[in-house]
Protein chains: 2
Amino acid sequence: MPKIVDHDLRRRELAEAVWRVIARDGVDQVSIRTVAAESGWSTGALRHYFSTRAELLAFACELVIDKVATRISTTRYVGSPREVVRDVLLQTMPADANRHTEASIAFAFLALGLGDPALARVQRLHFTGMYDLCLALIRDLDAKGLLAPHTATVESLARRLHALVDGLSVHVLAGHLDAEEMIAQLDAYLGELVGQPGTSRAHRMPAPTDVPSARGARGPEDGRTGAHGTGTSSGHRRRRKRS
Amino acid sequence: MPKIVDHDLRRRELAEAVWRVIARDGVDQVSIRTVAAESGWSTGALRHYFSTRAELLAFACELVIDKVATRISTTRYVGSPREVVRDVLLQTMPADANRHTEASIAFAFLALGLGDPALARVQRLHFTGMYDLCLALIRDLDAKGLLAPHTATVESLARRLHALVDGLSVHVLAGHLDAEEMIAQLDAYLGELVGQPGTSRAHRMPAPTDVPSARGARGPEDGRTGAHGTGTSSGHRRRRKRS
DNA sequence: CACTTTACCGCACGATCGTGCTATAAAGAA
DNA sequence: TTCTTTATAGCACGATCGTGCGGTAAAGTG
């Protein structure tokens, strides 16, 4: 047998090059050649791992979705139930530079999905997973008796929470809000969901709370070594052999 | 003087061709040639009205924003203040086929704006205008004493309403919600803002209520004949002279 | 009529696109 | 060693892109 490379690992590496191109130059700058240049490979090498451009994009889209799902389900959360809910939801929002980049990539794919049914299908799964997560969080608060008196069903509350989270995210991505304001509004909304108490650190419940998984949500283990950092931070530009 | 055409009118006609291409084939199918074919003009004719592709896109983006701003400020609203608020906000949301198309176009531009600072600037103005509109609506409810007891500022309530509106819209555009569910959730949220009463038609106030303008919001008059229907419905395909 | 100005067409250029293809390098198996 | 299989490079093809530009039709003025 000749030189063997981990195909799945290489595909992830190339997908991350797609992310960097999208984050830096916009989604309409993604081409086989630009991704090849960004990753340091040749166009011919790319075709060994993705037979078509659409396949590359679909993989990069799925991967960024998996990335946040994995982070949600592997992060340990501390604090009151309300703080846990807040921090879980913030995992999907542009709360810092890393998540801003991540969210803008996911958002770019979302727009691309308006004209690409294959991408749209992947994204609907993501939305369904996020709604299920919101519903589970709300149900958890309800079971703990922390929800303020309400007339709506928990499903209705979850739908609105989900919409608020995505709406706030879009507003930050569009430059209409900054991250602090976004977080403040999320906090304010959660403050209306539970009793009045603000972000009070009193009444803390230090035991890490279980977080309902967002989707099929396979853990960090799917053949690889665990949390090795799928982060965008691995932006090493490989140098070419020639030219 | 030779043949004179209304430049602004022609530019609008071409921008509507851009909208149709985006709605039918996706934003990445917009090129000078496809827009020329869609509008029935030649590529050379296009260049008489837009010297560059970016200029064409920017104009089409601004125009779709103006279109909803104009509709908001020219529609007469009837019903209780709460119903007025609902109907005003629904003007920007994919509540029916027409508005769905319109919203998907605006959304496509939004993603395009992530990589184009000029477009991003236009869109920030739009978001600011929409926030101001939400704030004015909330203040109107507050002045009428219709707001349920709340601890938050009206600005905070407006921010969250704005985010909910856009979040629900995105969820419909992504195929995650249908229009009815979206409207139901908007209604439910407004039901929490004001007193408990649902969408009850009792206690109606039939006098058309004034709607605070969304932006600089010039009326429908800006040199043209008024409400002549800037609608996407004017999809007449012009036949070429030859070929 | 001729003349001027605007509207419009459509070709041409160079760049870039996705993708098929061949040639070569590398690495274990025999 | 030779052979077989995989990995990678990079060229070539046809299509499409944005845009510049010259030519022609039309409409009003003199």
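Read on for a plain summary of the structure.

Quick notes on the rules
Residues numbered from 1 in each chain as written. Chains lettered and ligands numbered in written order. Predicted model: local features only at pLDDT ≥ 70, side-chain atom pairs only at ≥ 80, totals over all residues. Heavy atoms only, no water. Helix = DSSP H or I, 4+ residues; strand = E, 2+ residues; numbered from the N terminus. Buried < 20%, exposed > 50% of the residue type's maximum accessible area, 1.4 Å probe, protein only. Contact = heavy atoms within 4.5 Å. Buried area = accessible area lost by both parts, 1.4 Å probe. Salt bridge = Lys/Arg side-chain N within 4 Å of Asp/Glu carboxyl O. Polar contact = N/O pair within 3.5 Å; in protein donor to acceptor, adjacent residues only side chain to side chain. Nonpolar A, V, L, I, M, F, W, Y, C, P; charged D, E, K, R; others polar. Core = buried A, V, L, I, M, F, W, Y, C linked by side-chain atoms within 4.5 Å. Phe/Tyr/Trp six-rings, centres within 6.5 Å; stacked < 30°, edge-to-face > 60°. Lys NZ or Arg CZ within 6 Å of the ring centre and 35° of its normal.

### Concerning the side chain of Arg10 of chain B
Residues and elements named next belong to chain B.
1) Next: Within the secondary structure, Arg10 is located in helix α1 (residues 7-25).
2) Next: A residue is classified by how much of its surface remains accessible, and Arg10, at 14% relative accessible area, is buried.
3) Next: Discounting residues that sit within four places of it in the chain, Arg10 has contacts with Val5, Trp41 and Tyr49.

### With respect to the environment of Asp187 of chain B
1) Next: Within the element layout of this structure, Asp187 of chain B appears in helix α9 (residues 179-193).
2) Next: Residues Asp187 of chain B and Arg86 of chain B, spaced 101 residues apart in sequence, show a C-alpha to C-alpha distance of 7.1 Å.

### Some details on the interface of chain A and chain B
1) Next: Listed by partner, the interface residues are 36 residues for chain A and 36 residues for chain B.
2) Next: Counting each side, the surface lost to burial between chain A and chain B is near 3200 Å², with a carbon and sulfur contribution of 68%.
3) Next: Three residues, Arg159, Arg160 and His176 of chain A, lead the burial of chain A against chain B; their summed loss comes to 19% of the area buried on that side.
4) Next: Summed over the shared surface of chain A and chain B, the result is four salt bridges.
5) Next: The residue Glu181 of chain B makes a salt bridge to Arg159 of chain A at a minimum N-O spacing of 3.2 Å.
6) Next: Across the chain A-chain B interface, the total number found is twelve residue pairs in polar contact (both at pLDDT 80 or more).
7) Next: Sorting the residues of the side of chain A that touches chain B by element identifies α6 (97-113), α7 (117-143), α8 (154-173) and α9 (179-193) of chain A as the ones contributing at least two each.
8) Next: Tallying contributions element by element places α8 of chain A first for the side of chain A that touches chain B, with 13 residues.
9) Next: Per-class residue counts for the side of chain A that touches chain B are 17 nonpolar, 13 polar and six charged.

### Looking at the nonpolar core
Proteins that are soluble and globular tend to have nonpolar side chains buried together.
1) Next: Counting 72 residues, the largest nonpolar core has Leu161 and Leu186 of chain A as the members making the most contacts within it.
2) Next: Those elements that provide at least two residues to this core are α5 (81-90), α7, α8 and α9 of chain A together with α5 (81-90), α7 (117-143), α8 (154-173) and α9 of chain B.

### What about the packing of aromatic side chains?
The geometry of an aromatic ring pair comes down to the distance between the two centres and the angle between the two planes.
1) Next: Counted according to the given criterion, the structure contains four aromatic pairs over all chains.
2) Next: Ring geometry for Phe50 of chain A versus Phe59 of chain A: centroids 5.5 Å apart, planes at 55°, classification tilted.
3) Next: Its relative accessible area of 4% is what places Phe50 of chain A among the buried residues.
4) Next: Measuring from centroid to centroid gives 5.2 Å for Phe107 of chain A and Phe107 of chain B, while their planes differ by 75°, and the two rings are edge-to-face. Here Phe107 of chain B lies in helix α6 (residues 97-113) and Phe107 of chain A lies in helix α6, a pairing that spans two chains. The pair formed by Phe107 of chain A and Phe107 of chain B is uniform in burial state, with each residue classed as buried.
5) Next: A cation over a ring is seen here: Arg11 of chain B above Phe59 of chain B, with NZ or CZ 4.7 Å from the ring centre.

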